[in-house]
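Coordinate inspection notes
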Amino acid sequence: MPRSKKFRRARLIVMLLAVLLVAGLAGGGWWAVDTVRSSFPQVSGTVKVPGMSAPVDVVRDDKGIPQLYADTDADLFRAQGYVQAQDRFWEMDVRRHITSGRLAEMFGSSAVENDSFLRTMGWRQVAQKEWDTQLSEDTKRNLTAYTEGVNAWLAEHPGGAGASLEYALLGAVNSGYKPEKWDPVDSVAWLKAMAWSLSGNMQEEIDRSLLTQNFSAEQIAQLYPDYPYDRNGTIVKTGKLGADGTYTPGEGVTAPAPAGSTTPASSSQARAVTEQLLGDLSDKVGALPQLLGPNGQGIGSNSWVVAGTNTTTGRPMLANDPHLGPGMPSIWYQMGLHCRSASKACTYDVAGYTFSGMPGVVIGHNKDIAWGFTNLGADVTDLYLEKVTGPDTYLLDGKDTKFNVRKETIKVAGGEDRTITVRTTQDGMPMISDQSSEEQKVGSNAPAGNAAPDRATGYGVALRWTALVPGKTMDAVFKLDRATDFASFRGAAQDFAVPAQNLIYADTKGNIGYQAPGLIPVRGKGDGRYPAPGWDSAYAWNANYLPFKSLPYAYNPPEGYIVTANQAVVDETYKPMLTKDWEYGTRAKAITDQIQAKLKNGGKISLDDMQSMQLENTSVLAKDLVPLLLQVKIDDPYVREAQDLLKNWNYHQDADSAAAAYYNGVWRALLTLAFGQKFPADLRVEGDCLLVRQKRDNTLPDDALGGAAQAVTECGTRKPSLAQPDGGDRWTEVVRQQLTDPKSPWWDYIDSNHQQQHGLNNLLAEALKDARQDLTSRLGKDISTWSWGRLHQLTLQEPTLGSDDSSIASPAIRKLLNRGPFKVSGGSAAVNASGWNAAAGYDVDWIPSMRMIVNLDDFDASRWINVGGASGHAFHANYNDQTELWSKGELLPWAYTKDAVTKSGKNTLTLTAG
């Protein structure tokens, strides 16, 4: 029998036996276990790896976390590539197919639209340009060594044979697939996926434009309120820009300032964007594989650093927990990269978190400094409405201008190749509304205002995004890993182009600091909140970006701490615009309040204090809303029984809390009644069907749906991950402001009898009733059995074969690869940010993807945890052995020094020259 047929048959057998294992059928389990285990990596003994100049030791602890010891940088990164491939090659392979727009080669026709969208943006081409023109020779050497290590492992698993269970499962339906060799650009391209999910306000641009179907500019402004500078402050006290543009820091950390105001784009311009066009675009964005979480919605993270003057050790402490979408295996990969002795040939001694498929350490510490990231939230994406005048022309300043046009061929497993046409403007903006050559004419029914040109052959949407500009972020990763002080830390940050992040800093000498890095656009007209008119060059970005010397930073502020949790970096006296769409600072204020409480009367902060702060799950808005809910007179004892749960509630969203469950049910009902009912279908979750007026007049409903008013059923079309109102930090601020006006038109709603009702008190009564019914249907009539964790559950899904959207998976396969559900504490606007989308349900869709606390006095006393585990192999002991600990808020000891690593080591593998 030909070798390939043997492999196909073997893969099918593995799949069937594994299914038997999960099903628990007698006679198949033992063989399934043996077969699945054969794909597990070798973790002890000796392996020959071509290219090694000297042996490299790989020491793994009981959680499978590897610490590598080498004599040269090249050997260190060669070993990193080999070891990551051992644990995570399937994940690496999928990731590179996503970033290059080649998923259809693995998964068939269901991935063609995703590939078309990504090919149009050209992530892989940009990464190739970075390799060709931007990256340093040192970075290229490290990437090349890493690539050699990956390919050394792949040579041991030709065609993916025995590589992992996923290849066996895929082989049963796509027997022709064989993973190709790794390429250095595969690693660089992953940064584009990272940037995409942390790219700012593109989804908000789309949503605001779609809201113009129903609402006035004033009403939309109420749904996107000004940032509360007075209440929640800023990361740093705003400094000054000198005549040469150099930023000089202010003295303090936070700086309350008057709330700013924004001026929305003209309604004629906003309404020139068609419902059909942007609704379709939103669907395309939502359909992309969400490796880091849904783009632009609820993105958040926490980090803070406390100076030694305020800690029990006398040295700084630094905490970080990035909030990203959950997945299986974990998004992050824990690792240590150590030179046995420092020399010109070997310059690394770093440990922390990185991504599989990417060398170096992204977040962590070396022997001198520690650093953490949160998303800056800078507005680095703009949508441009383009007037398309022909198949290859668009209007610019009154003249027809040629698109740059290229063809892309998408290979489709089990199907015919698909060729698409990609159009980009002269300044490099891809027409992302073009999903294929069949979709060249878009927006043919666009309702254009007087400010827009005649529609002719339609409108399209182009994307301007900093990540499509070749940059040096990969250089920055290696520079961070080697930084020794604040100056070299800032030097690394200067190369960190995308995604724009808040970088916090601490060192062993007792210094703390902050730096805002990244490419920040300088706009002509417009502020980035609505799609801009592409036919007017006055709205284009300037050729140069905001210089690094102008970006805010802080060093040893007098308060002795710095908090970054996606709040505003600076107030509005800082004139270069970073964004108009900050997160609203709820988490940042909660963290700051905890720090200040600990420091009151000369107190000091301990490592345990830092850990407990990460687990703070109070619902801040509940402190305002619950007293109002308890004042509502409820006659129905069935509803009043649930209302009584809120009496004496401490506002903590613990997994075992019945009050937290009911409160969040009421919160969800309130959002639906006050806002969701009024939203257009392309913002509401798919399947959410409402009776609405057949004709809308851009006002809120003002009478019953009945009588002379003609009503139709209108069902939502949004993917659950992007539906609104999602209940995140922005909605906390929206409701907080509207609560000051009990007669606000937002409190008008349609009750269950399709009758128009008015007023806050009536709406709260309706929300209490609706939540009682909702939770009864989900949790049962007996409220003593209710708990937040029964509603608020986390499922860790493998994003391809394990996804609910996978066309080639099955419930049995999902059971093989996915883990959960897990009952978790926390909430969307809490420090313990286990986020959920209130428009879609209660399931967790954002999490603290890892947690770490670094002790600059004793690195071996530091702590860390991952949401899953080190291994990417289903059924491996380290596949998700950290999840239960993570869900309980526990952290693991983080060994760093050689003695500590040796003491905690369980297995040692030596990689020798091949």
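In the block above lies the structure referred to throughout.
So, a few notes on the structure that sits alongside this text. All figures in this text were calculated on a predicted structure; none of them were measured in a lab. (Residues numbered from 1 in each chain as written. Predicted model: local features only at pLDDT ≥ 70, side-chain atom pairs only at ≥ 80, totals over all residues. Heavy atoms only, no water.)

Some words on the overall build of the chain
Secondary structure assignment for the chain yields 27 helices and 34 strands. Counting all 914 residues of the chain, 62% fall into the buried class. For the chain, restricting intrachain contacts to residue pairs at least 6 apart in sequence, the fraction spanning at least 24 positions comes to 73%. Of the roughly 32400 Å² of accessible surface on the chain, 49% is carried by carbon and sulfur atoms. (Helix = DSSP H or I, 4+ residues; strand = E, 2+ residues; numbered from the N terminus. Buried < 20%, exposed > 50% of the residue type's maximum accessible area, 1.4 Å probe, protein only. Contact = heavy atoms within 4.5 Å. Areas by Shrake-Rupley, 256 points an atom, 1.4 Å probe, with all protein chains shown as cover.)

Here we look at the pairing of strand β12 (residues 381–390)
Summarising burial for β12: nine of the 10 residues are buried, a large majority. As judged from the seven bridges shared by β12 and strand β17 (residues 459–465), these two strands associate in the antiparallel manner. From the neighbouring strand, Glu-386 faces β17, where its bridge partner is Gly-460. The pairing of β12 with strand β13 (residues 393–396) spans two bridges and is antiparallel. The residue bridging Gly-390 from the neighbouring strand is Thr-393, located in β13. Between β12 and β13, which pair antiparallel and follow one another directly, the connecting turn spans two residues. (Pairing = 2+ DSSP bridges.)

Regarding helix α5 (residues 112–121)
The buried fraction of α5 is high, at nine of 10 residues. Turning to α5, its buried residues are Val-112, Asn-114, Asp-115, Ser-116, Phe-117, Leu-118, Arg-119, Thr-120 and Met-121. Following α5 by one or two positions, Gly-122 adopts a phi angle in the positive range, close to 75°.

Remarks on the environment of Gly-101
You can see Gly-101 is positioned in the loop between α3 (73–99) and α4 (104–107). Through-space distance from the C-alpha of Gly-101 to that of Arg-119 is 5.3 Å; in sequence the pair is 18 residues apart. Setting aside anything within four residues of it in sequence, one finds Gly-101 in contact with Asp-115, Leu-118 and Arg-119.

Comments concerning the pattern of salt bridges
Overall, the coordinates contain 44 salt bridges when judged by the stated rule. For Asp-186, the salt bridge is made with Arg-124, and the minimal N-O distance between the two is 2.4 Å. A residue pair is termed long-range when its members are at least 10 positions apart, and Asp-186 in helix α9 (residues 184–197) and Arg-124 in helix α6 (residues 123–134) qualify at 62 residues. We note a salt bridge from Lys-598 to Asp-609, for which the minimum N-O separation is 3.2 Å. Of the two residues, Lys-598 sits in helix α17 (residues 586–599) while Asp-609 sits in helix α18 (residues 607–614), which places them 11 residues apart along the sequence. Take Asp-609: its relative accessible area is 13%, and that puts it in the buried class. A network of salt bridges, in which partner residues are shared, links Asp-93, Arg-96, Arg-124, Asp-183 and Asp-186. (Salt bridge = Lys/Arg side-chain N within 4 Å of Asp/Glu carboxyl O.)

Here we look at the state of the cysteines
Throughout the structure, instances matching the rule amount to two disulfides. Each bonded cysteine in the chain gets a number by its place in the sequence, and the pairs come out as 1-2, 3-4. (Disulfide = S-S within 2.5 Å.)

Some remarks on the sheet that holds strand β19 (residues 512–515)
As summarised here, the arrangement of the 11 strands in space is β1-β34-β2-β3-β8-β9-β10-β11-β18-β19-β21, forming an open sheet in which the pairing is mixed. Among the strands making up the open sheet, the edge pair consists of β1 (45–49) and β21 (553–555). Averaged over neighbouring strand pairs, the angle between their axes works out to 15° when direction is ignored. In this structure, β1 lies alongside strand β34 (residues 907–913), joined through five bridges in parallel fashion. Following the sheet pairing, Val-49 is matched in β34 by Ala-913. With respect to the sheet, helix α15 (residues 473–482) is in contact with β9 (349–354), β10 (363–366), β11 (369–375) and β18 (501–507), its orientation differing from that of β11 by roughly 145°. (Axes fitted to C-alpha atoms, helices over the stretch in contact; angles between N-to-C directions.)

So, unusual backbone geometry
Pro-329 follows Met-328 through a cis peptide bond whose omega is 5°. Mapped onto the elements, Pro-329 comes out in the loop between β7 (317–324) and β8 (333–339). For the bond from Gln-724 to Pro-725, the omega torsion is 0°, close enough to zero to count as cis. Structurally, the position occupied by Pro-725 is in the loop between β24 (711–715) and α22 (729–738). The phi torsion at Asn-556 lies on the positive side, around 50°, for a residue other than glycine. Inspection of the secondary structure assignment puts Asn-556 in the loop between β21 and β22 (561–564). Asn-556 sits in the partly exposed class, given a relative accessible area of 34%.

A look at the packing of α3 against helix α7 (residues 137–155)
The interhelical angle for the contact between α3 and α7, taken along N-to-C directions, is 50°, at an axis separation of 6 Å. In terms of their interaxial angle, α3 and α7 are classed as oblique. The two elements α3 and α7 meet at a crossing, and its hand is right-handed. On α7, the residues touching Asp-73, Ala-74, Phe-77, Arg-78, Gln-80, Gly-81, Tyr-82, Gln-84, Ala-85, Gln-86, Phe-89 and Met-92 of α3 are Asn-142, Ala-145, Tyr-146, Glu-148, Gly-149, Val-150, Ala-152, Trp-153 and Leu-154. Of the residues assigned to the contact of α3 with α7, the class counts are 12 nonpolar, six polar and three charged. (Parallel < 35°, antiparallel > 145°, perpendicular 65-115°, else oblique. Left-handed = near helix turned anticlockwise from the far one by under 90°. Nonpolar A, V, L, I, M, F, W, Y, C, P; charged D, E, K, R; others polar.)

Description of the environment of Asp-571
Turning to its location among the elements, Asp-571 is positioned in the loop between β22 and α17. Each C-alpha atom, one on Asp-571 and one on Tyr-229, is 7.1 Å from the other, the two residues being 342 residues apart in sequence. In this structure the side chain of Asp-571 is engaged in a polar contact, spanning 2.4 Å, whose partner is the side chain of Thr-573. (Polar contact = N/O pair within 3.5 Å; in protein donor to acceptor, adjacent residues only side chain to side chain.)

What to know about helix α16 (residues 486–494)
All buried positions along α16 are accounted for by Phe-486, Phe-489, Arg-490, Ala-492 and Ala-493. Projection of α16 onto a plane perpendicular to its axis shows the buried side chains occupying an angular sector of 155°, all on one side. More than 90 degrees from the buried face of α16, the exposed residues found are Ala-487 and Gln-494. Structurally, α16 contributes buried residues whose contacts are with β11, α15, β18, β19 and β21. (Arc of directions from axis to C-beta.)

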